[in-house]
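Residue-level structural notes
Residue-level listing of the chains:
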Amino acid sequence: MSRGPRIDYRHRRGRGAESIGDHGTFTQTGTFSAVLDQGGTSSGRFTVWGNFNTADGVTGNSTFTFNLTVKSGVGAGTSYHENAHFTGSLDPAVDPKVAFDKTRCS
């Protein structure tokens, strides 16, 4: 039996005299199965998580992670991890103070 991905979404937003800002987070988890062009199949699990924060609507930060593990078939035991982050101006014309996108496959 095939199950679709499980998706959780949470968003909290504060506004008012003492609470100015925006914060959001989400988590998505699920399973996958693939039929490979060269023959064989693979299946496994994945999780995606992300967040966004700003106190003033001008600067902020965001982090994103993606994890995937092949549980069976071709490539069983393979894990992939990605982590991306930025901090700084929310204006797309301005370079962020800190930004990176790192991946690891084992």
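Residues numbered from 1 in each chain as written. Predicted model: local features only at pLDDT ≥ 70, side-chain atom pairs only at ≥ 80, totals over all residues. Heavy atoms only, no water.

**A closer look at the pairing of strand 5 (residues 79-89)**
As defined by bridge partners, strand 4 (residues 59-73) adjoins strand 5 across 11 bridges and the pair is classed as antiparallel. By the bridge assignment, Asn67 is partnered in strand 5 with His81. Counting the residues that bridge the hairpin from strand 4 to strand 5 gives 5 residues, and of these Gly75 lies at a positive phi of roughly 85°. (Pairing = 2+ DSSP bridges. Helix = DSSP H or I, 4+ residues; strand = E, 2+ residues; numbered from the N terminus.)

**As for the confidence of the model for the protein chain**
Of the residues in the protein chain, 81% reach a pLDDT of 70 or more, and the chain-wide mean stands at 83. Mean pLDDT values for the elements of the protein chain range from 49 in strand 1 (residues 6-14) up to 96 in strand 5. Within the model, the stretch residues 11-18 combines pLDDT values under 50 with 14 contacts to residues more than four positions away or in other chains. (pLDDT = per-residue confidence, 0-100. Contact = heavy atoms within 4.5 Å.)

**Focus on the environment of Asp22**
Counting through the fold element by element, Asp22 comes out in strand 2 (residues 21-35). With 34 residues separating them along the chain, Asp22 and Asp56 place their C-alpha atoms 8.2 Å apart.

**Points about the packing of aromatic side chains**
Two aromatic rings are characterised by how far apart their centres lie and by the angle between their planes. Across all of its chains, the model carries 1 aromatic pair by this definition. Just above the ring of Phe100 sits the side chain of Lys102; from NZ or CZ to the centre is 5.2 Å. (Phe/Tyr/Trp six-rings, centres within 6.5 Å; stacked < 30°, edge-to-face > 60°. Lys NZ or Arg CZ within 6 Å of the ring centre and 35° of its normal.)

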